[in-house]
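Examination of the molecular architecture
Now for the letters of each chain:
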Amino acid sequence: MNLMGRPRSKRYDQKKRPADSRGQRRSSAADAGIPPATGSYGRDLNRLLAGIGAPETAPFKPDPFQLEALSALEFEDVLVTAPTGSGKTWIAREGIRRLLDSGKRAWYTTPLKALTNSKYQEFGDEFGGERVGILTGDRKENSDAPLIVGTTEIFRNQLFDAMRGGHDMSTDLLVIDEAHYLGDEDRGHVWEEAIILTPPRIRLLLLSATIGNAREFASWIEEVRGLRCGVVTRPGARPVPLRAAFLLPDKRLLPLLGENGKLNSEILRMIEREDHQRHRRRSGTR
């Protein structure tokens, strides 16, 4: 029945939206104004999205580079360079687990508050909320926990406080995530000071996906700390490749690059049209 109490005609219902086998109205891409994936657009879209989905469930097996780094951490500082998504955090998590199980303490530092909050949640789920604290410029929770997650600036500041108070940092492992920030023009000195001032008894585990001069970096760490720093590298590309796409104003999703590796020709034409129209508006022509 409609709102006026009169039955709708069968013809009206069929025109409004087709029904599925159960008689329920189906939504369609056309209802949302999305063009159908046909022709060359369909081929491009299939190429962009092919293979995306959850992998089959399988038992976890550590990579050789992960086991190598974890073993080296027992005896020396370790710098791990591996592509994003290859499992660097697993090394830190397992090293932290060993320390917590033996009654020791650890710090995990990141350069970003958002990343720090994410790791705090992750480690809380892994080790239990009572064993994990967080220290950033905005948050201070469970600061006496055996595992503290914080920004690198906060850890550096705590090193200064310990030096002024004449006491040692209460931790046995320092994990420096995104260690390549040492090369940042504005903030790099924080990483440099943290590495130099961390007492030699505290083991360092440095993680990065983008350090190109890893051996040179490790040699500098050895020089300023007086301890060996091993380098563990995972060769090859990232396990989960990136896919770049561009959403057009008409809601079509196109690969950013064509099969030739250059900017998609349709995107390039759209940019050229926009530039041309912008030039005409500025010049006052139509």
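Calculation rules
Position labels on residues start from 1 in each chain and follow its written sequence. Totals for whole chains, interfaces and linings use every residue, but because this is a predicted model, local features are given only for residues with pLDDT of at least 70 and side-chain atom pairs only at 80 or more, for both listing and counting. Only hydrogens and water are set aside; all other atoms, that is, all heavy atoms of the structure, feed into the side-chain values. The way it works is that DSSP assigns letters per residue, a run of H or I at least four long becomes a helix, a run of E at least two long becomes a strand, and they are numbered from the N terminus. Throughout, exposure labels follow a simple rule: accessible area from a 1.4 Å probe, protein chains only, divided by the maximum for the residue type, with under 20% read as buried, over 50% as exposed, and the rest as partly exposed. Whether two residues are in contact is decided by their heavy atoms: any pair within 4.5 Å suffices. At least two bridges found by DSSP between two strands is the condition for calling them paired. Buried Ala, Val, Leu, Ile, Met, Phe, Trp, Tyr and Cys residues that are joined via side-chain atoms within 4.5 Å together make up what is termed a nonpolar core. pLDDT runs from 0 to 100 and stands for how confident the predictor is about each residue. Within this analysis, patches are made of residues with over 30% relative accessible area and no salt bridge. Like charges are joined at 9 Å or less; nonpolar side chains (Val, Leu, Ile, Met, Phe, Trp, Tyr) at 5 Å or less. Method for areas: the Shrake-Rupley scheme with a 1.4 Å probe, in which residue coverage is limited to the protein chains shown. By definition here, a salt bridge exists when the distance from a side-chain nitrogen of Lys or Arg to a carboxyl oxygen of Asp or Glu is within 4 Å. Note on geometry: axes are lines fitted to C-alpha atoms, helical ones only across the stretch in contact, with angles between N-to-C directions running from 0 to 180 degrees. When describing relative orientation, an angle under 35 degrees is termed roughly parallel and one over 145 degrees roughly antiparallel, while 65 to 115 degrees is termed roughly perpendicular and anything else oblique. Residue polarity follows a fixed list, in which Ala, Val, Leu, Ile, Met, Phe, Trp, Tyr, Cys and Pro are nonpolar, Asp, Glu, Lys and Arg are charged, and the others, Gly among them, are polar. Each crossing gets its hand from how the near helix is turned against the far one by less than a right angle, where anticlockwise is left-handed and clockwise is right-handed.

**Focus on the overall build of the protein chain**
Per the secondary structure count, the protein chain includes nine helices and 10 strands. Per-residue burial for the protein chain yields a buried fraction of 35% across its 286 residues. Long-range pairs, those at least 24 residues apart, make up 63% of the contacts in the protein chain with a sequence separation of at least 6.

**Topic: the pairing of strand β5 (residues 147–151)**
In terms of burial, β5 is a largely internal element, five of the five residues being buried. Burial along β5 is two-sided: L147, V149 and T151 and I148 and G150, pointing in opposite directions, are all buried. Bridge analysis of strand β2 (residues 106–110) against β5 gives five bridges, and the strand direction is parallel. Bridge assignment links T110 to a residue of β5, and that residue is T151. Pairing of strand β3 (residues 132–135) with β5 involves four bridges; the strand directions are parallel. Across the sheet, residue G133 finds its bridge partner in β5, namely I148.

**A look at the nonpolar core**
Formed by 28 residues in total, the largest nonpolar core has its most connected members in V80, I96 and L205. No other element matches helix α4 (residues 88–101), which puts six residues into this core. Dropping the residues within four chain positions of it, I96 is found in contact with A106, Y108, F127, L147, L173 and V175. In terms of nonpolar packing, the next biggest core, distinct from the first, is built from 26 residues, V190, W191, A218 and C229 among them.

**Looking at the confidence of the model for the protein chain**
Interpreting fine coordinate detail is not advised for predicted regions of low pLDDT. Here the protein chain shows a mean pLDDT of 83. Residues at 70 or above account for 85%. A low-confidence stretch, residues 1–32 stays under pLDDT 50, and its non-local contacts, those more than four residues away or across chains, total 19 contacts.

**Topic: a nonpolar patch on the surface**
On the surface, a cluster of nonpolar side chains totalling about 300 Å² of accessible area is made up of L257, L263, L268 and I271. Here L268 shows up in helix α9 (residues 265–283). Look at L268 and you get partly exposed, because its relative accessible area is 38%.

**Focus: the packing of helix α7 (residues 188–197) against helix α8 (residues 214–225)**
Between α7 and α8, the least distance of the axes is 9 Å, while the angle of their chain directions is 50°. Relative to α8, the element α7 lies oblique. Contacts between α7 and α8 pair E192, I195 and I196 from the former with F217, W220, I221, V224 and R225 from the latter. Of the residues belonging to the contact of α7 with α8, the class tally is six nonpolar, no polar and two charged.

**Some details on the packing of α4 against helix α5 (residues 113–127)**
The relative placement of two packed helices is expressed as an angle between their axes plus a distance between the axes. Running from N to C, α4 and α5 point in directions that differ by 50°, and their axes come no closer than 12 Å. In this view, α4 runs oblique relative to α5, as classed from their interaxial angle. Crossing of α4 over α5 shows right-handed handedness. Between α4 and α5, the contacting residues are T89, R93, I96, R97 and L100 on the first element and K119, E122, F123, E126 and F127 on the second. Grouping the constituent residues of the contact of α4 with α5 by class yields four nonpolar, one polar and five charged.

**As for unusual backbone geometry**
One non-glycine residue with positive phi stands out, namely N142, at about 50°. Along the chain, N142 turns up in the loop between β4 (140–141) and β5. At E178, a position not held by glycine, the phi torsion is positive, near 55°. Here E178 lies in the loop between β6 (173–176) and α7. Taking relative accessible area as the criterion, E178 reaches 26% and is therefore assigned partly exposed.

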